[in-house]
Amino acid sequence: MKAWRASLLRFDDDGRAVFDTDGLLVTGPDAAGRRVVIAVGDHDALVARFPGVPVTHLPGRILAPGFLDLHIHYPQTDVIGSPAEGLLPWLEHYTFPHEARFSEATYATDVATFFLDELARNGVTTALTFATSHPTSVNALFTEARQRGLRLITGKVLQDRHSPDGVRDQTEQSLIDTEALIKQWHGVDRLGYAITPRFAPSCSEAQLTGAGELAARYPDVWIQSHVSENLDEVRWARELFPASRSYLAVYDDHGLMRERAVYAHCIHFDDDDRALMRDTGTAAAVSPTSNLFLGSGFFDYAGAERVGFRFGLASDVGGGTSFSPFHTMLAAYTAGREGQTKAGLSLSPQHLWWQHTAGAAQALGLGGVVGNLQPGHEADFIVLNPAATPLLARRTAQAQSLDELLFAMIVLGDDRLVEKTIISG
Ligand SMILES: [Zn+2]
């Protein structure tokens, strides 16, 4: 066993933050050999129960659950910060030409390595990420993630139409490749596979149907895609699939909505869409920096809470503008406040943080596994230095409550706040 002494942030079952100013985190192996949280709480109340366990003392630091990123594109690491006139031109001019390079294994491995380093620098310990349409891109990322012992989920992108040469795949072969990758990687160590239609307009009826059949055959595999990001895209999807009630319903009509299905954006929804998310156990990956950057719109938090479907936060790099969960949480606050196109509300600091940790894990079907520092959770966590910059030090020192402390870090924080990221500690 090992132990750390510092301030400690975790969440209770209702999503409320629990904070120990002088806390102790004790980790050790469980029956299956995974490194998990054995005990957590106030240092003085706990320490006598663990005599002889070495304690790393980190005064002035905060231990917190590692962040989960519910939607990101590792092959778009080098597309971040590309200017474009909205989503569809951005795909055409930057993203597709770049993704075409991932047919080459050494190139894919180089980007995968940088990508995983960047996640770690930003305190992200689990990501649900797109690869490209090339199986080599999946193999490169899984190989690198496995070496690092990460809990990471990815999948080969399906896009057999409305896609240029170099990224467009073949319907039948794409489904054969997907099943082979599931068998090769899903459940190996901490890795998980996600069936990954790029978005409905990029997939033929046959490809979506085949993806849905795989989703039924492998019920503990994930599903990831995009939906209702942009009004042009919504109109296009409606034209291509006139038999479906809505853009979202296209996925349901092909067996692609269920537990462990995660759809990025989910902006232009009506209440029937929201109810379909709720009733199928499907989750939304809210991607506010991307939505602001591409001018797509604002996720309707009030609508999501009213109808009651699952959601969590995501960077959506390279449409998103930052790997930092702090930037994403601040953008989520901004999107929540927007009150001209939907009801505006103020998301609490605890709720924002929960959406990127324990809440994101629940949305992903990994509640109780990652995203929290309660006993039994896998010991992926971060060390935060709230005095990492002069302004952070000055502002956090004046915080009068936990909410003030968390919000100061959300507004002022970035990768400098993350002193260390610990996987299976
Ligand atoms: Zn995306």
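Is there a simple way to think about the sheet that holds strand β15 (residues 418-422) in this case?
Within a sheet, each strand pairs with its neighbour through backbone hydrogen bonds, oriented either parallel or antiparallel. The 6 strands lie next to each other as β3-β2-β1-β4-β14-β15, forming an open sheet whose pairing is mixed. Both edges of this open sheet fall to β3 (35-42) and β15, since each of them pairs with a single strand only. Within the sheet, the average angular offset between the axes of one strand and its neighbour, ignoring direction, is 40 degrees. The sheet contact formed by strand β14 (residues 381-384) and β15 spans 4 bridges and is antiparallel. From the neighbouring strand, I382 faces β15, where its bridge partner is T421.

Where do I start with the state of the cysteines in this structure?
By definition, a disulfide links the sulfur atoms of two cysteine residues through a covalent bond. Scanning all chains against the criterion turns up 0 disulfides. C203 provides the cysteine sulfur closest to C266, a residue in no disulfide bond, and the two sulfurs are 16 Å apart. Among the residues examined, C266 registers a relative accessible area of 2% and is labelled buried.

I keep staring at the nonpolar core and nothing clicks. Help me out?
As a rule of thumb, nonpolar side chains are buried together in soluble globular proteins. Formed by 96 residues in total, the largest nonpolar core has its most connected members in Y74, W353, L384 and M409. Among the elements that take part in this core, helix α3 (residues 105-121) stands out by supplying 7 residues, more than any other. With sequence-adjacent residues up to four places away left out, L384 is seen in contact with G60, R61, I62, A64, F326, W353, M409, L417 and V418. Counting 18 residues, the second-largest nonpolar core is a separate cluster that includes L68, L128, A194 and A363.

Whenever I open this one, the pairing of strand β6 (residues 124-130) confuses me. Can you help?
A regular strand places its side chains so that they alternate between the two faces of the sheet. Taken across its 7 residues, β6 has 7 buried, putting it largely inside the fold. As paired strands, strand β5 (residues 67-73) and β6 are joined by 5 bridges and run parallel to one another. Each residue of the ladder has a partner; that of H73, found in β6, is F130. For β6 and strand β7 (residues 152-155), the ladder comprises 3 bridges, and the chain directions are parallel. When the bridges of β7 are listed, L128 appears paired with I153. Once the chain exits β6 it traverses helix α4 (residues 135-147) before rejoining the sheet at β7, and the crossover so formed is right-handed.

I'm lost on the pattern of salt bridges in this one. Help?
Where side chains of opposite charge bring their charged atoms close, a pairing between them can arise. This model, assessed by the stated rule, comprises 30 salt bridges. Linking D415 and R121 is a salt bridge whose minimum nitrogen-to-oxygen distance equals 3.0 Å. Within this pair, whereas D415 is found in the loop between α16 (402-412) and β15, its partner R121 is found in helix α3, the two being separated by 294 residues in sequence. The exposure class of D415 is partly exposed, given its relative accessible area of 26%. Residue R121 is classed as partly exposed on the basis of its relative accessible area, which comes to 42%. Among the charged side chains, a network of salt bridges with common partners joins D30, R34, R151, R190, E378 and D380.

What am I meant to see in the coordination of the zinc ion here?
Reference values for coordination geometry: four tetrahedral donors around a metal ideally subtend 109.5 degrees, six octahedral donors ideally subtend 90 or 180 degrees. Only H71 (NE2), H73 (NE2), H226 (NE2) and D316 (OD) from the protein reach the zinc ion as donors, at distances of 2.0 to 2.3 Å. Mapped onto the sequence, the residues coordinating the zinc ion show the spacing H-x1-H-x152-H-x89-D. With H73 in strand β5 and D316 in the loop between β13 (310-313) and α12 (325-337), this pair connects stretches of sequence that are 243 residues apart. By relative accessible area, H73 is classed as buried at 2%.

Looking at this structure, I do not really get α4. What am I missing?
An α-helical turn contains 3.6 residues, so a residue and the one three or four places further along point in the same direction. In this model α4 runs 19 Å from its N-terminal to its C-terminal C-alpha over 13 residues, within 8% of the 18 Å that 1.5 Å per residue would give. Considered for burial, the residues of α4 that qualify are S137, V138, A140, L141, F142, E144 and A145. Here the buried face of α4 lies against α3, β6, β7, α5 (171-185) and β9 (191-197). At the exit of α4 stands G149, carrying a positive phi of roughly 70 degrees.

Can you walk me through the environment of L46 in this structure?
Locating L46 in the fold gives a position in helix α1 (residues 43-46). Since its relative accessible area comes to 7%, L46 is described here as buried. For the pair formed by L46 and S290, sequence separation is 244 residues and the distance between their alpha carbons is 43 Å. Contacts of L46, omitting those with residues within four sequence positions, involve L24, A39, V40 and G41.

Calculation criteria
- Residues numbered from 1 in each chain as written.
- Predicted model: local features only at pLDDT ≥ 70, side-chain atom pairs only at ≥ 80, totals over all residues.
- Heavy atoms only, no water.
- Pairing = 2+ DSSP bridges.
- Helix = DSSP H or I, 4+ residues; strand = E, 2+ residues; numbered from the N terminus.
- Axes fitted to C-alpha atoms, helices over the stretch in contact; angles between N-to-C directions.
- Disulfide = S-S within 2.5 Å.
- Buried < 20%, exposed > 50% of the residue type's maximum accessible area, 1.4 Å probe, protein only.
- Core = buried A, V, L, I, M, F, W, Y, C linked by side-chain atoms within 4.5 Å.
- Contact = heavy atoms within 4.5 Å.
- Right-handed = clockwise from strand over helix to strand, strands pointing away.
- Salt bridge = Lys/Arg side-chain N within 4 Å of Asp/Glu carboxyl O.
- Donors = N, O, S within 2.8 Å, 3.2 Å for Na, K, Ca; no water.
- Expected span 1.5 Å × (residues − 1).

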